[in-house]
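# An overview of the molecular structure
So you can see what is in the structure, the chains are spelled out below.
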Amino acid sequence: MSLTSSTITTETAYNNKNSLAGKVFATLFSYIFHPLFIPLYVTLFVAFVHPNYFSGFSVLAKKKIVLLISFNTILFPAVVVLLLKGLGFSRSVFLRTQKDRIIPYIASMTFFFWTYYVLREQNYIPRILVEFMFGVFIATAAALLFNIYQKISMHAIGMGGLLGIFFIIMQSNTMLMAWPVCVVLLISGAVCTSRLLISDHSSKEIYTGLFVGLACQLIASFVVS
């Protein structure tokens with residue numbers, strides 16, 4: 001084997017190894033920061049990290065709110081997706097086509113609005129969480145409309161919403177938000193890059209999703225507050 005052939009083989013193996021490692025990390029980020037998990041992460045942050053929003057709440061009361069969010073924004077939408085796949089209405093639980101996403105979007109909108117309504121009717125719930133859930137609801141409605149024209153990235157919408165609520169909290173001056181915002185920016189960049197690597201989304205669908213998620217949180221904050 002010539003030196004040139006050996007070098008090419010070594011470089012190819014190195015690139016393949018890097019490509020595999022990149023796909024593994026991209027898949028991991030996509031699962032950990034799936035859009036269904038974003039409401040849970042935000043709730044955990046405002047309940048257990050932010051010093052003011054849930055001050056005076058017992059740990060048990062915080063856990064009850066976390067469970068409410070988890071059931072309505074993770075469990076119930078996931079069950080709908082699994083039922084659609086089991087009954088043959090969806091080709092995959094990963095919702096790879098625009099058609100597969102229609103019913104899950106509508107079902108999620110129902111669960112998200114119900115969560116927003118329940119939180120809104122409880123006067124003791126911090127308004128920031130009410131604003132956030134309304135933003136999640138209208139972002140899902142916007143995603144359903146955009147789904148008519150393009151397969152907008154749900155992950156990017158989730159990241160946009162995460163960025164939006166953290167910017168809103170930062171503007172409230174209730175906590176030093178430099179490090180949380182920096183972390184969220186890094187996570188958003190990693191997740192959006194991951195979707196470009198391992199999904200069939202175009203950069204336009206990623207950027208549109210990011211903008212929709214961010215804009216809907218800002219709109220929700222203006223409407224609810």
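Residues numbered from 1 in each chain as written. Predicted model: local features only at pLDDT ≥ 70, side-chain atom pairs only at ≥ 80, totals over all residues. Heavy atoms only, no water.

## What about helix α3 (residues 59-86)?
Taking 1.5 Å of rise per residue, the 28 residues of α3 would be expected to cover 40 Å, and the 38 Å separating its terminal C-alpha atoms lies within 8% of that figure. At F71, α3 shows its largest bend, some 35°. Taken together, the buried positions of α3 are K62, I65, V66, I69, S70, N72, T73, I74, P77, V80, V81 and L84. Where α3 ends, the next residue or the one after it, G88, has phi of about 85°, a positive value. (Helix = DSSP H or I, 4+ residues; strand = E, 2+ residues; numbered from the N terminus. Expected span 1.5 Å × (residues − 1). Bend = angle between axes of the 7 residues up to and from the residue. Buried < 20%, exposed > 50% of the residue type's maximum accessible area, 1.4 Å probe, protein only.)

## Brief notes about the layout of surface pockets
Approximately 1,100 Å³ is the volume attributed to the largest pocket. What lines the largest pocket is a set of 44 residues, and nearest its centre among them are H34, P35, L95, M154 and H155. At the level of secondary structure, the elements contributing two or more residues to the lining of the largest pocket comprise α1 (3-32), α2 (38-49), α3, α4 (98-121), α5 (127-146), α6 (154-171), α7 (178-198) and α8 (203-224). When grouped by side-chain class, the residues that make up the lining of the largest pocket number 25 nonpolar, 14 polar and 5 charged. Within this model, the second largest pocket holds a volume of roughly 190 Å³. Looking at the lining of the second largest pocket, the elements with two or more residues in it are α2, α6 and α7. The dominant element in the lining of the second largest pocket, judged by the number of residues it contributes, is α7, at 5 residues. Grouping the constituent residues of the lining of the second largest pocket by class yields 11 nonpolar, no polar and no charged. (1 Å grid on protein atoms, 1.4 Å probe; cavity = no way out; pocket = protein on both sides within 12 Å on 5 of 7 lines; lining within 4 Å. Points joined across faces, edges and corners; volume = space filled by probe spheres on them. Nonpolar A, V, L, I, M, F, W, Y, C, P; charged D, E, K, R; others polar.)

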